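Here's the letter readout for the chains.
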Amino acid sequence: IQEPQLQGQDTGMQCEDDRTGIGVETLKRAFLDNLFYVQGKFPALATKHDYYMALAYTVRDRLLQRWVNTAAIYTQEGSRTVAYLSAEFLMGPHLGNNLINLGIYNQVQQAMTELKLDLKELLAKEEEPGLGNGGLGRLAACYLDSLASLEIPTLGYGIRYEFGIFDQLIRNGWQVEKTDKWLRYGNPWEIARPEWAVSVKFGGRTEAHKNAQGRYRVRWIPHKVVLGIPYDTPILGYKVNTANTLRLWKAEAPESFDFEAFNRGNYYGAVDQKVTSENLTKVLYPNDETYEGKQLRLEQQYFFVSCALQDMLRIMLRQKLPLEQFHEKFAVQLNDTHPAIAVAELMRLLLDEHEMDWEPAWEITQKTFGYTNHTLLPEALEKWSLKLFSSLLPRHLEIIYEINWRFLEQVRHKFGTDEGRIGRLSLIDENDGKFVRMAHLACVGSHKINGVAALHSELLQKTTLLDFYEFFPEKFTNITNGVTPRRWIVLSNPKLTNLITSCIGDNWIKHLEDVQRIETYAEDPGFQQEWQQIKRENKVNVAEILLDRTGVKVDPDSLFDIQVKRIHQYKRQHLNILHAITLYNQIKQNPNLDITPRTLIFAGKAAPGYYIAKLIIKLINSVAEVVNKDRDIGDRLKVVFLPDYNVKNSQPIYPAADLSEQISTAGKEASGTGNMKFAMNGALTIGTLDGANIEIRNAVGAENFFLFGLTTEDVGALRLTGYRPREYYEQNPQLKQAIDQIASGYFSHGDRSLFKPLVDLLLDKDPFMLMADYQPYIDCQQQVSQTYRDRDRWLQMSILNTARMGKFSSDRAIREYCQQIWKVQPVPVQLAAEKTGDG
Ligand code: CR6
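Criteria and cut-off values
Residues numbered from 1 in each chain as written. Predicted model: local features only at pLDDT ≥ 70, side-chain atom pairs only at ≥ 80, totals over all residues. Heavy atoms only, no water. Axes fitted to C-alpha atoms, helices over the stretch in contact; angles between N-to-C directions. Helix = DSSP H or I, 4+ residues; strand = E, 2+ residues; numbered from the N terminus. Parallel < 35°, antiparallel > 145°, perpendicular 65-115°, else oblique. Left-handed = near helix turned anticlockwise from the far one by under 90°. Contact = heavy atoms within 4.5 Å. Nonpolar A, V, L, I, M, F, W, Y, C, P; charged D, E, K, R; others polar. Pairing = 2+ DSSP bridges. Core = buried A, V, L, I, M, F, W, Y, C linked by side-chain atoms within 4.5 Å. Buried < 20%, exposed > 50% of the residue type's maximum accessible area, 1.4 Å probe, protein only. Near = heavy atom within 4 Å. Polar contact = N/O pair within 3.5 Å; in protein donor to acceptor, adjacent residues only side chain to side chain. Areas by Shrake-Rupley, 256 points an atom, 1.4 Å probe, with all protein chains shown as cover. Domains from an automatic or database assignment. Phe/Tyr/Trp six-rings, centres within 6.5 Å; stacked < 30°, edge-to-face > 60°. Buried area = accessible area lost by both parts, 1.4 Å probe. Salt bridge = Lys/Arg side-chain N within 4 Å of Asp/Glu carboxyl O. Disulfide = S-S within 2.5 Å. Expected span 1.5 Å × (residues − 1). pLDDT = per-residue confidence, 0-100. Patch = residues over 30% accessible without salt bridge, like charges linked within 9 Å, V, L, I, M, F, W, Y side chains within 5 Å.

Draft legend 1. Summary view of the packing of helix H2 (residues 48–77) against helix H3 (residues 95–102). Two elements in contact, H2 and H3, have axes separated by 10 Å at closest approach and are oriented at 40°. Between H2 and H3, the angle falls in the class oblique. Classified by chirality, the crossing of H3 by H2 is left-handed. Of the residues in H3, those touching H2 at Tyr-52, Leu-55, Ala-56, Val-59, Arg-62, Leu-63 and Arg-66 are Leu-95, Asn-98, Leu-99 and Leu-102. When the residues that make up the contact of H2 with H3 are grouped by side-chain class, the tally is eight nonpolar, one polar and two charged.

So this is what it looks like as C-alpha cells:
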C-alpha cells in the first residue's frame, strides 16, 4: 500500500534483528519464531488463530522499540501531555491499522503469501475490542490515531470492560444480544502494569481532623476499596516513531480486604468481595445517548476517573514536578459528562490528600479541564440522585456543594438575585427530586467547552447551555469532528488509496487537504473509468458478505443505498423504510416500471432496553422478507439488514456505498461521523441540514449533495404552531398506503398488533417529524435515481466528494484542539538508530 519505512535496521543487510527488522525474510523468520515460542505450535498443528497471534506478536515486537523510546523521551523532557478521559474507546482491530501505520503492510502480505497464508484471513481472526457504543467511542479512537500521528504526547484513559458492546444476532427478524467475550483467546496488544495499581474508595463517611500544622482537613473513611490495575496498549502514529499509550483500568479486590475476611474464617465472604469488586469493570453499558441512573455505572465512571488522576499525580511525582504545575503538565479532556466527576476528584486529591488550599486547587482544576459536549438530547443528560451520589461519594458531594455555593455567589454578583437563573445554573437540580447535574459540573470546572459541529455548538449556546454561555461566553468554542483517513480510507479502501496515490503521491494520507488535487481528474474519462471500476469491486465484495451473512443475493450494478449507525428514532431508519415501501408499491402498481435498481442496506445495534428501536429492526427485516421474495420486484429492489454492525464489519461497507443516508431530524444529530467516512470514499449523501452534514455540503458543494427536509428553525416553528402528523398521512395517498400496509399486517403475516406501537407513535406524536419530511425525502430520492442514470455526472460528483473532504480528517480536528484548548506542542521521537546514525 505504501513505501516501506526504512527506519529499522538496514534492510539491505543480512543482520536484521528478528524483533525489529522489516525485510520479508526477517518477517517470515520472526513470525515462525513467535508461532513456536509464544503460541507453542509448529505449522502442522497451528490454527488460523495461532497464525494471527504469531503475526500480532511479530508486529507488536516492532511497536515496542517505538513505544519504549516514546516513553523515555516524554519522561526525559517532562513533556506537556494530553489526557483524554473517555468511558468508551471503540478502537477496532489493531493488526491491520498497525501494519498501515508501521508502513509494512506490503512486506507482511508478501511474507504471509510466501508462507502459503492469506493475510486477509489472519486479519479476520482478530476479535474486535468493542469498548464503545458508537460515534463517541469511535471518535476517541480516531483522535488517538491523530494525536500519535501528530506526535502529541497523549494518554488515553478508560475502562477495560471484560465484555464490550454485545454481539447482535438476528432471529426471526428480531435483535438478540449475545455477550461479547472479546478476551476469551487472549489480547496480544495489551500489557498489564500491576506495579502501577491504585486504590479507589467508595461509600462510607467523612470526618474532620487536625493535620500536622494544626489545621482542619477532611478525611474520607470509605466503606469499600477497589484496586485499579492498568492495562496499556500502544497507539502508533502514521509513519512516525511516536507510540502513545491507551491505559485502560480493570477493577480487582485488594488483598488486604481478603485477608481480613479470611482471618475471621470467612473464606466465602472473602471470595465474594473479590467477585463484587470485579463486577465493576465487567460490562459496558450498551446505551447510546440514553442515561440510565444505575449505581454500577456511576461506580465505573468514578473508578476510572480516580485511577486516571492518581496515575497523573504519580507521573508528576516521579518527574519531580510540583503539584502546583498540574495544569501545565496535563491538559485533561472530558469526553462528554461520563468522566465529569473528575472535577470533584481532582479537587479532593489536591485538598485532602495533598493539603492544598481551596483557591489554588480550584484554579488548577479549571485550567486543567476541557469539556466536550456530544448531544442535545435531554434523555442523554446525566444527573445522579443525591441519595445515590451521597451514599457512594460523600466527600465529592461536599466538594460539589462548595463549588456550587461559590459559583452561584459569582452569578449573583454578575446578574443580581435572579432566582430563576440561579435555579437553572445550579449544579443541583431541585425541580423534581434532587440531582447532581454532571454537565453543569463539567462546565463550571473547565476552561473550555466545545460542541462537535458548527450547528451543534451554536444550538448548545442558544439552548441547552444558554445560561452558561451568558455567564462565561469566552469558554465556548466549536471543534467539528473528524475521522482518521488511515483506517477509513487507506485500510478500508486499498484500491482507492492506490489510485489516488498513483495520481498525486501519498502526502494526502497525512494531510488530507491535499486530496483536493484529484479534482483535476474529476472529468477525466480514464480516471472516471478506474474510479467506477474500484467502486464496483468494492460493491462485489459487500455483495459476497451479504450473501454469506444473510443469504440475500444483491446486484452489484444496482445503486447501493446505505444507512449504518445505531438504531435511534431521531436517526429515522424508519423514514428510509417508508421509502423502501413506496418504491415497492410503485413497482407493484406498474410492473414494467423502469426505475433505477437499488439495494437498501441497513446495519446497526439497538440498545437492549430501547423497545421502539428494536421494533424498527423488526420492521426493516419484515419489509425485507416481503420485498426480496416478490417475483414482480426482481432485481429492482432489495432490502438487507446486515447483523452485528461494528468497526470490523463496517470497514468494507463505506467503500461500497453509492448513497449515504444521513437523514436525522434537523437539530438532533450533534455531528455524525459515518457521514464523513462515506463521503471520503466517494459516496454521495442524501441528508438533512443537521450536524456535520451542513459543513460537508458546504465543502463538497451544494450541487454534489442531495438535500431535503425541515431545517432546525422549521422544526421549532412547526412544533410551536401545533404539529399534526396525521394530516400528512391523510393528505398523501402514497404515505397513507405505506403506513396502512404496516398497520394491516402486510409485512407481518397478517399480524396487526406487531407494529401498532410504531404506527400509533407516528400518527399521533411523531416526535421526529417523519410525516412532515416524508414527501420531500421521496422527491429527493427520485432525484438521486435520476442522477445515478447519468453515469458521468454521478462519477464526477463522487470524485468531487472525496476530493473536498480534507477538512474532515481527525488530524484537522486534533490540530484545533491542540491550538484552541490544550496548548500543546508536538514532541518528535527518534529511534536510537536515527539518533546515532548507524544501525
Ligand atoms: N451518539 C452524537 O450523537 C456524534 C458523536 C461524536 C454522539 C454524534 O452525532 O458524532 O457523539 N453523542 O461526537 C453521544 O454519544 C452522546 C454519538 O455518538
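Having seen the model, we can carry on.
Draft legend 2. How the structure looks around the sheet that holds strand S16 (residues 428–429). Overall, antiparallel pairing links the three strands, which are arranged S15-S17-S16 in an open sheet. The open sheet has two edge strands, strand S15 (383–385) and S16, and neither has a second partner.

Draft legend 3. The nonpolar core, seen in detail. Grouped together as the largest cluster of nonpolar side chains are 114 residues, with contacts concentrated most on Leu-85, Phe-303, Met-312, Phe-326, Phe-389 and Trp-822. Ranked by the residues each element gives to this core, the list is headed by helix H9 (residues 295–318), at twelve residues. Membership of the second largest hydrophobic core comes to 89 residues, among which are Leu-90, Ile-489, Trp-508 and Val-700.

Draft legend 4. Structural detail: the site of the ligand. If you check the shell around the ligand, you find 15 residues, and the closest are Glu-289, His-374, Asn-481, Glu-669 and Gly-672. Asn-481 places a side-chain nitrogen or oxygen 2.9 Å from an oxygen atom of the ligand. Summarising the interface, the protein chains cover 95% of the accessible area of the ligand, which totals 400 Å² for the free molecule. When grouped by side-chain class, the residues that make up the shell around the ligand number five nonpolar, six polar and four charged. Counting residues domain by domain, the shell around the ligand receives three or more from each of domain 2 (78–93 + 128–479) and domain 3 (485–812).

Draft legend 5. Fine view of the side chain of Thr-802. Here Thr-802 shows up in helix H32 (residues 791–803). Residue classification places Thr-802 among the buried residues on the basis of a relative accessible area of 3%. Polar contacts involving the side chain of Thr-802 include one to the main-chain carbonyl oxygen of Met-680, which spans 3.0 Å. In this structure the side chain of Thr-802 is engaged in a polar contact, spanning 3.1 Å, whose partner is the backbone nitrogen of Gly-682.

Draft legend 6. The packing of aromatic side chains, seen in detail. Going through the model one piece at a time under the given rule, you end up with 28 aromatic pairs. An angle of 85° between the planes, with centres 6.3 Å apart, marks the rings of Tyr-84 and Tyr-143 as edge-to-face. Taken as a pair, Tyr-84 in strand S1 (residues 81–85) and Tyr-143 in helix H6 (residues 135–149) lie far apart in primary sequence, 59 residues in all. Judged by relative accessible area, Tyr-84 falls into the buried class, the value being 1%.

Draft legend 7. Quick peek at the domain arrangement of the protein chain. According to the domain assignment, the protein chain consists of domain 1 (1–77 + 94–127), domain 2 (78–93 + 128–479) and domain 3 (485–812). Between domain 1 and domain 2, the C-alpha centre-to-centre distance is 35 Å. Listed per partner, the contact involves 31 residues of domain 1 and 35 residues of domain 2. Overall, the association of domain 1 and domain 2 removes approximately 2,900 Å² of surface from exposure, summing both partners, and the carbon and sulfur fraction of that is 56%. Of all residues in domain 1, the largest losses of buried area upon contact with domain 2 belong to Trp-67, His-94 and Glu-127, amounting jointly to 32% of the total for that side. Our enumeration of links across domain 1 and domain 2 arrives at one salt bridge. A salt bridge links Arg-184 to Glu-127, with the shortest nitrogen-to-oxygen separation between them at 3.6 Å. Run the count over domain 1 and domain 2 and you get 17 residue pairs in polar contact (both at pLDDT 80 or more). Elements with a minimum of two residues in the side of domain 1 that touches domain 2: H2 and H3. Per element, the largest residue contribution to the side of domain 1 that touches domain 2 is 17 residues, and it comes from H2. The class makeup of the residues in the side of domain 1 that touches domain 2 is 13 nonpolar, twelve polar and six charged.

Draft legend 8. Quick peek at the packing of helix H11 (residues 342–353) against helix H12 (residues 358–368). Relative to each other, H11 and H12 sit at 140°, their axes nearing to 9 Å. Here the hand of the crossing between H11 and H12 comes out right-handed. Between H11 and H12, the contacting residues are Val-343, Leu-346, Met-347, Leu-350 and Leu-351 on the first element and Trp-358, Ala-361, Trp-362, Ile-364, Thr-365 and Thr-368 on the second. Of the residues in the contact of H11 with H12, the class split is nine nonpolar, two polar and no charged.

Draft legend 9. How the structure looks around the side chain of Asp-773. Counting through the fold element by element, Asp-773 comes out in helix H31 (residues 770–789). The exposure class assigned to Asp-773 is buried, which follows from its relative accessible area of 1%. Looking at Asp-773, its side chain comes within polar contact range of the side chain of Arg-572, at 2.9 Å. Discounting residues that sit within four places of it in the chain, Asp-773 has contacts with Arg-572, Phe-708, Gly-709 and Leu-710.

Draft legend 10. Just the sheet that holds strand S22 (residues 637–641), in detail. If you walk across this open sheet you meet the six strands as S22-S21-S20-S23-S24-S25, and the pairing is parallel. Of all the strands in the sheet, the pair left with one neighbour each is S22 and strand S25 (706–707). Two strands pair when backbone bridges link them, and strand S24 (residues 684–687) and S25 are joined in this way by two bridges, in the parallel orientation. Considered in S25, the bridge of Ile-686 is made with Phe-706. The strands touched by helix H23 (residues 611–629) within the sheet are strand S21 (598–603) and S22, with S22 carrying the most contacts at an inclination of about 145°. Relative to S24, H32 is tilted by about 85°, and along the sheet it contacts S24 and S25.

Draft legend 11. Region of interest: the state of the cysteines. Considering all chains together, one arrives at zero disulfides under this definition. Free cysteine: Cys-142, not disulfide-bonded; nearest cysteine sulfur from Cys-818 at 15 Å.

Draft legend 12. How the structure looks around H32. Along its 13 residues, H32 runs 18 Å from first to last C-alpha, staying within 8% of the 18 Å computed at 1.5 Å per residue. Counting buried positions along H32 yields ten of 13 residues, so the element is predominantly enclosed. Among the residues of H32, Trp-794, Leu-795, Gln-796, Met-797, Ser-798, Ile-799, Leu-800, Asn-801, Thr-802 and Ala-803 are the ones counted as buried.

Draft legend 13. Here's a closer look at the confidence of the model for the protein chain. A residue-level look at the protein chain finds 96% of positions with pLDDT of 70 or above and a mean pLDDT of 96. Of the regions scoring below 50 in pLDDT, residues 1–13 engages in 38 contacts with residues more than four places distant in sequence or in other chains.

Draft legend 14. Highlighting a nonpolar patch on the surface. On the surface, Tyr-267, Tyr-268, Val-271 and Val-275 cluster together into a nonpolar patch covering about 450 Å² of accessible area. Note that Val-271 resides in helix H8 (residues 267–279).

Draft legend 15. Local environment of H3. Of all eight residues in H3, eight are buried, a share of seventy percent or more. In the core, the buried residues of H3 are packed alongside H2, helix H4 (105–114), helix H5 (119–124), H6, strand S11 (224–236) and helix H19 (485–491). Immediately downstream of H3, the backbone of Gly-103 shows phi near 75°, a positive value.

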